[in-house]
Amino acid sequence: MHMTPTEIFLLAILIIFTGPYLVWRLGRTDYWAPLVVVQIIGGVLLGPGVLGAIFPGYYAFVFAGPTITALNGIAWWAVMLFVWIAGLELDVGEAWRRRRETGITAGLALGVPLIAGSLAALAMLRFPGWRGADGADWQVVLGIGMACAVTALPILVLLMEKLAILRAPLGQRVLRYASLDDIAIWGVLALILLDWERVTRQAGFLVGFAIATWAIRRLLRAIPENDRWYVGLIWLAACGFAADWAGLHFMVGAFLAGAVLDAHWFGEARMDRFRQTILMGIMPVYFLSTGLKTQWGVGGAAVFAAAALLLVASVGGKLAGVAMAGRILNWPKGDAKAIGWLLQTKALIMIIFANILLDKHIITNETFTALLLMAVASTMLTIPKVAPMLKRDPALVKRGF
């Protein structure tokens, strides 16, 4: 049957919105696997690695080149909008006032699982099949270590909103820690890929961004609220482009574009409506398209053993790092454990990061599969672990340190 490109695109949209929702709602997976996790897993299952391999005709027809191109465009803009709002939610002034606490916690929350994941990678490299054709040992070790350390900011925002703590003092604390770590991963990626030309670009971006921030803040103070929204979107597109050109990834630019602006300029109620519209209307395309781009192969029991090893390194390292920060900073009992579990969300940023390593032939399909399984498992643990803590200790939500 002949279909136009528009009809095929709309068929793909129908699948993207219907399939995961039915699994999530009818399967009542919300506690263990929120809709976002089901959407990511759904994208992987619908993609070339699973159903595409079983039914290549289906994949070639529904997710043909033009359809994937259109979905990618929607997905990129969707996540930029969502991360921009997350940046607006962050109180930069508060982060600066608490820079010692933020720096220590973010550093240990990133550094300890990075070391644990790197040690796990060294153990994996004792056996063949984990290093890609073009990857050096140090690139594989650092890449796997960073994959174990990262926190996916968009997923974290979604889960904190679900737990009703995003705007609470606890949510703002976690957002501060995660945002620094989220930026750090792209710097590590630049090091792994040895793109020294882009290191110079990154320096230029930071200088230009500082100047542009001063100008945009002056402009937004002087114009009406409705105009601020439109000019804010122009600012978002410019920052995303500049950051991606500099090698920092467009999501870093999107977050910074929001972080340097004041949330009260845009109105809290309008921000809430805007976020919900993005989340319902276009973010599913991003979650599914991320999964659709995954190319992976299951290499038997060794892959699952590696995934288990990486999960222990990731979860254990993150909890240990935050616990160390809690001791240094004399946090109340229970804070470190709750924050450590909240920072386990990995399923989005880590998949992007690992996909780049796979595309560059630094890791193999088997390594990517192990990382993917680890990322999904660690994300699924977050709500079941944190929700009971918040119920037992309601005051935890109000502790901004």
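Keep in mind it's a predicted model, so treat the numbers as computed, not measured.

Conventions we followed
Residues numbered from 1 in each chain as written. Predicted model: local features only at pLDDT ≥ 70, side-chain atom pairs only at ≥ 80, totals over all residues. Heavy atoms only, no water. Helix = DSSP H or I, 4+ residues; strand = E, 2+ residues; numbered from the N terminus. Rg over C-alpha atoms; globule rule 2.2 N^0.38 Å. Buried < 20%, exposed > 50% of the residue type's maximum accessible area, 1.4 Å probe, protein only. Contact = heavy atoms within 4.5 Å. Areas by Shrake-Rupley, 256 points an atom, 1.4 Å probe, with all protein chains shown as cover. Lys, Arg positive; Asp, Glu negative; His and termini not counted. Charge placed at Lys NZ, Arg CZ, Asp CG, Glu CD. Axes fitted to C-alpha atoms, helices over the stretch in contact; angles between N-to-C directions. Parallel < 35°, antiparallel > 145°, perpendicular 65-115°, else oblique. Left-handed = near helix turned anticlockwise from the far one by under 90°. Nonpolar A, V, L, I, M, F, W, Y, C, P; charged D, E, K, R; others polar. pLDDT = per-residue confidence, 0-100. Patch = residues over 30% accessible without salt bridge, like charges linked within 9 Å, V, L, I, M, F, W, Y side chains within 5 Å. Salt bridge = Lys/Arg side-chain N within 4 Å of Asp/Glu carboxyl O. Expected span 1.5 Å × (residues − 1). Phe/Tyr/Trp six-rings, centres within 6.5 Å; stacked < 30°, edge-to-face > 60°. Lys NZ or Arg CZ within 6 Å of the ring centre and 35° of its normal.

### Some words on the overall build of the protein
Inference 1: Helix and strand counts for the protein come out as 19 helices and zero strands.
Inference 2: Relative to the compact-globule value of 21 Å for 401 residues, the protein shows a C-alpha radius of gyration of 21 Å, a close match.
Inference 3: Projecting the C-alpha coordinates of the protein onto the three principal axes gives extents of approximately 55 × 50 × 50 Å.
Inference 4: Within the protein, buried positions represent 55% of all 401 residues.
Inference 5: A fraction of 84% describes how many contacts in the protein between residues 6 or more apart in sequence connect residues 24 or more apart.
Inference 6: Carbon and sulfur atoms make up 68% of the accessible area of the protein, which amounts to about 17200 Å² in all.
Inference 7: Within the protein, the 23 negative side-chain charges are centred at a point lying 8 Å from the centre of the 33 positive side-chain charges.

### A few points about the packing of helix H16 (residues 301-329) against helix H19 (residues 365-392)
Inference 1: For the pair H16 and H19, the least separation of the axes is 8 Å and the interaxial angle reads 45°. When the axes of H16 and H19 are compared, the pair comes out oblique. In this structure, the crossing between H16 and H19 has a hand that is right-handed. Across the interface between the two elements, Val303, Phe304, Ala306, Ala307, Leu310, Leu311, Ser314 and Val315 of H16 pack against Glu366, Thr369, Ala370, Leu371, Leu373, Met374, Ala377, Ser378 and Leu381 of H19.
Inference 2: Across the contact of H16 with H19, the residue classes break down as 13 nonpolar, three polar and one charged.

### Overview of helix H18 (residues 349-359)
Inference 1: Most of H18 sits out of view: nine of its 11 residues are buried.
Inference 2: Buried residues of H18: Ile349, Met350, Ile351, Ile352, Phe353, Ala354, Asn355, Leu357 and Leu358, and no others.
Inference 3: The first or second residue beyond H18 is His361, which carries a positive phi of 60°.

### Examining the confidence of the model for the protein
Inference 1: Counting all residues, the mean pLDDT for the protein is 85, and 93% of those residues have values of 70 or more.
Inference 2: Mean pLDDT across the secondary structure elements of the protein bottoms out at helix H6 (residues 92-97), with 71, and peaks at H16, with 93.

### Examining a nonpolar patch on the surface
Inference 1: Together, Tyr21, Leu22 and Leu26 line one region of the surface with nonpolar side chains, adding up to about 320 Å² of accessible area.
Inference 2: With respect to the element layout, Leu22 can be found in helix H1 (residues 5-26).
Inference 3: Relative accessible area serves as the criterion here: at 41%, Leu22 is assigned to the partly exposed category.

### Some thoughts on helix H8 (residues 137-149)
Inference 1: The end-to-end C-alpha separation of H8 is 18 Å, in line with the 18 Å expected for 13 residues at 1.5 Å each.
Inference 2: Most of H8 is tucked away, with 11 of its 13 residues classed as buried.
Inference 3: Gln139, Val140, Val141, Leu142, Gly143, Ile144, Gly145, Met146, Ala147, Cys148 and Ala149 are the residues of H8 that are buried.

### Some remarks on the environment of Trp84
Inference 1: As for its placement among the helices and strands, Trp84 is situated in helix H5 (residues 65-89).
Inference 2: Here Trp84 falls in the buried class, since its relative accessible area comes to 0%.
Inference 3: With near-sequence residues (within four places) excluded, Trp84 lies in contact with Trp229, Gly232, Leu233, Leu236, Ala254, Ala257, Gly258, Leu261, Phe266 and Phe274.

### Focus on the packing of aromatic side chains
Inference 1: Considering all chains together, one arrives at 12 aromatic pairs under this definition.
Inference 2: Between the aromatic rings of Tyr59 and Phe63, the centroid separation amounts to 5.7 Å while the plane-to-plane angle is 35°, which identifies the pairing as tilted.
Inference 3: For Tyr59, a relative accessible area of 18% puts it in the buried group.
Inference 4: Judged by relative accessible area, Phe63 falls into the buried class, the value being 3%.
Inference 5: Ring geometry for Trp84 versus Phe266: centroids 5.7 Å apart, planes at 85°, classification edge-to-face. Here Phe266 lies in the loop between helix H13 (250-259) and helix H14 (268-281) and Trp84 lies in helix H5, a separation of 182 residues in the sequence.
Inference 6: A relative accessible area of 0% means that Phe266 is categorised as buried.
Inference 7: If you follow Arg25 out to its NZ or CZ, it ends over the ring of Trp24, 4.3 Å from the centre.
Inference 8: When the ring centre of Trp331 is taken as origin, the NZ or CZ atom of Arg173, which lies over that ring, is 4.7 Å away.

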